[in-house]
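Residues per chain, in single letters:
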Amino acid sequence: MNAHSSPAAAPQSFRIEGMTCASCVRRVERAVGNVRGVTRAAVNLATESAEVTFDGVSRPSDVIEAIRTAGYEVAIETAEIGIEGMTCASCVRRVERAISAVPGVLRASVNLATERATLEAAGPVPVAAVEAAIEGAGYQARRIAAADGAAVDPRQEAKDKELLNLKRDLRFAGVLTLPIFLLEMGSHAYPPLHHWLWMAIGRERLYLAYFLLATIVQFGPGLRFYRKGLPALMRLAPEMNALVVLGSTAAWGYSVVATFAPSILPEGTANVYYEASAVIITLILFGRFLEAKAKGRTSEAIKRLMGLQAKSARVERDCAFVETPLDAVRAGDVIQVRPGDKVPVDGLVLGGSSFIDESMISGEPVPVAKGEGDEVVGGTINKTGSFTYRATKVGADTLLAQIIRMVETAQGSKLPIQALVDKVTAWFVPAVMAAAAITFLVWLSFGPEPALTFALVNAVAVLIIACPCAMGLATPVSIMVGTGRAAELGVLFRNGEALQTLKGVEVVALDKTGTLTEGRPLLTDLVPAPGFDRERVLALVASVEGQSEHPVASAIVAAAKAERLTLHSVAEFEAVPGYGVTAVVGGHRIAIGADRFMSRLGVDPAPLAELALAFGRKAKTPLYAALDGRLAAIIAVSDPVKPTTPQAIRALHGLGLKVAMITGDNRRTAEAIAAELGIDEVVAEVLPDGKVEAVKRLRDRGRAVAFVGDGINDAPALAEADVGLAIGTGTDVAIESADVVLMSGDLNGVTNAIALSKATIGNIRQNLFWAFAYNAGLIPVAAGVLYPIGGTLLSPMLAAGAMALSSVFVLGNALRLRRFKAPTASAGGNETAKLRAVAA
């Protein structure tokens, strides 16, 4: 197997099988971290994966060997790719060498006869990179579609198989355990039944029947625990399975001795605990089954996102549109979309028009009109009309693929809060084993008769009740569900750390243009001077501005076109930088510009100066128009505030946050906008490169600051802030520039992101409290600490039930995040109360 050169910043993913608890996570991280060339290893129990970063040369084979040595398996995924252009054995060798050099590929085998390459990878097969390597070697790659037309997810297939195996083993164990449990517990509860069984069947035959049933359970369905637990014990690295093996084997083994060699036990201690060993195995299998089902539900958001992808596209081939597998679509292909179809990949409309449901990226339920030159996004749904478009982004480059990748990355990341869990789990299982040994010795030395029986039962209870699973799952499952729900609301967390940091934010700093406002000027007012007609002035002014590329000019032209006014031909156009423009239209000299331009031309702007001041107070930019040397009108242009901005700012205040605005506008205009919207702090007259300093000033008093910008021009400020949130319309947003990406241009997404962060971190704390409180509270009870008070002891069977349900409780609590409601969706008088409840 090869070593591959790869950038240190690009981690490789490995799917790991066999991890059951937080101790497993710690063990795998330590094993992988010791591999030469590994700079970072992050293992996630919920996603059953490891993200490994190398120092420039990746050695996946070494990592796999380390994981296997630690007692776990790596899921190897395979794929086949067709290759065209090979003619001899030299070609085969060249292609194999090219594919093997791709980071992540473990093995490649090329067959000249079938013209196919079979490759193995430790995680998702990097098909696009392999194709590029094949083409770089001088051959043509051809993707092979799955037989059913859809790709099979091997990871999901393995999970489904494991769930079926658990269900089968649970049923089998339950059927065999039930008779032992009913007869043994029934005998304790109803003594006449005990007497009848001993008289009718006999003690020896009854114990022999229990032995047969319990042994089948122990080494049939229970064999899975031995397969993982015993090697862990041999390596002196015990984990969850080892505790189950020790506890259930102790109960079963003691019972075997009591059945077949009772004479070697102290008098009065030859009791059997077959029901305990069988019930322990059965209840833990039940817990694992419920856990596997709940884990499946935590990844539903990813499944739904992947379900948005089209399976095929109608691509133009030889002057006809033919149904083509999505994998075979290339950038530059012309694609036809019919009514009701999913848009297959990202692209630009060439011809036709339609309305497209883009709610998957914008959250807006109203379909958007699309025509020639407009962008379309893969995964959105065409409602009416038919159109053709040219593919610009395919495969892993599409917006939907980037969304899925970001959600998967966030779900697999570790929060800083996880550091405490890692420290505890490093010694947890050995500490439990030590506690069980101490319990056994204390009861054997100081317990009442039969001391050996009490010592055995309580030691087994300690081993069985301890649950590192709950601690290991507490953080990652909440992250999985929380980030998945966030994606459904159009909020994409690029890493788990942002999820935690956002909760502690005190100040939300907003860039004005494109964030608070629409980001494009609009003509808001045109007031003619006495003796002038409004429509005529607008038509003449728009004719002149049509020659300019300034955004204000575009706003005036757009307004004239919206009113269906006729624009005239223009002569002698001249732009005067910093002042305005002049031109001749229909024999009339037209001038448009600021008051200083009018004064320069000898036109007195005083008659309309009061209006200019009023416009300025409303954050509008005033311009004057002159016709043949006479003042003709005053024009006001502004970048209008988005309709949802006032509600979003109220919602941020409802969460107890301060809102600041950073803008390049003059202070008077900025303060006018701030007063209108209820913004707490204003940082005005800031140049583009001064936004970083503005963020630093807001953070001066030790406050955590979130900066919200358009994700392109604001990249330095986004990086400087404690949390950077990029807001945009999906395809325009620079995804790589922020910690959090808001897929719609709606500022309400900021409130949703913060509220969801608070809800998720709160959920994690609940899970951690339960996991630690459960273990801290019940392990002493299992050891018998309450026995001197009221004679209370915990049966190993009850301990097994409690342990099985503890991790199920953590998963169930995390799944509540799926019902998280976006706070800004609330309306009416209860909105602020609901937001404050979220903040609390």
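Structural data are supplied above this passage.
Residue indices follow the written sequence of each chain, beginning from 1 at its first position. Since the coordinates come from a predicted model, pLDDT governs what is reported: local features require at least 70, and pairs of side-chain atoms require 80 or more to be given and counted, while whole-chain, interface and lining totals use all residues. With hydrogens and water excluded, all non-hydrogen atoms of the structure serve as input to the side-chain values.

Moving on, we come to helix α7 (residues 203-219). The way it works is that DSSP assigns letters per residue, a run of H or I at least four long becomes a helix, a run of E at least two long becomes a strand, and they are numbered from the N terminus. To estimate the expected span of a helix, subtract one from its residue number and multiply by 1.5 Å. Here α7 contains 17 residues, and its C-alpha end-to-end distance of 24 Å stays within 8% of the 24 Å for a straight helix at 1.5 Å per residue. Accessible area is worked out with a 1.4 Å probe on protein chains only. A residue is then buried under 20% of its type maximum, exposed over 50%, and partly exposed in between. Among all positions in α7, only Leu206, Tyr207, Tyr210, Phe211, Ala214, Thr215, Val217 and Gln218 are buried. The buried residues of α7 occupy one face: seen down the axis, they fall within an arc of 160°. Note that the arc is computed from the directions linking the helix axis to the C-beta atoms.

Where charged atoms from two side chains of opposite charge come close, those side chains can pair. By convention in these notes, a salt bridge is any Lys or Arg side-chain nitrogen within 4 Å of a carboxyl oxygen on Asp or Glu. Tallied over the full model, the rule gives 20 salt bridges. In this structure, Arg224 engages Glu162 in a salt bridge whose closest nitrogen and oxygen atoms are separated by 3.0 Å. With Arg224 in helix α8 (residues 223-234) and Glu162 in helix α5 (residues 154-189), this residue pair connects regions lying 62 residues apart in the sequence. With a closest N to O distance of 3.8 Å, Lys696 and Glu693 form a salt bridge. With Lys696 and Glu693 both in helix α25 (residues 691-698), this residue pair falls three residues apart, about one helical turn. Since its relative accessible area comes to 36%, Lys696 is described here as partly exposed. In this structure, a network of salt bridges that share partners links the residues Glu162, Arg168, Asp169 and Arg224.

With that settled, consider the pairing of strand β26 (residues 621-627). Where burial is concerned, most of β26 is hidden: five out of the seven residues are buried. For strand β25 (residues 588-593) and β26, the ladder comprises four bridges, and the chain directions are antiparallel. When the sheet's bridge partners are listed, Ala591 is paired in β26 with Ala626. In this sheet, strand β27 (residues 630-638) lies alongside β26 in antiparallel orientation, the contact comprising seven bridges. Paired with Ala625 across the bridge in β27 is Ala633. DSSP-based pairing: two strands are paired if at least 2 bridges between them are found. Between β26 and β27, which pair antiparallel one after the other, the connecting turn spans two residues, and Asp628 there sits at a positive phi close to 55°.

What follows covers unusual backbone geometry. At the junction of Glu449 and Pro450, the peptide bond is cis and its omega measures out at -5° in the coordinates. On the secondary structure map, Pro450 appears in the loop between α14 (418-446) and α15 (451-465). Positioned with a positive phi, Arg564 is a non-glycine residue whose angle comes to about 55°. As for its position among the elements, Arg564 is in the loop between α20 (551-562) and β23 (571-576). Using a relative accessible area of 77% as the deciding quantity, one classes Arg564 as exposed. Residue Glu572 is not a glycine yet carries a positive backbone phi of 55°. Its location among the elements puts Glu572 in strand β23.

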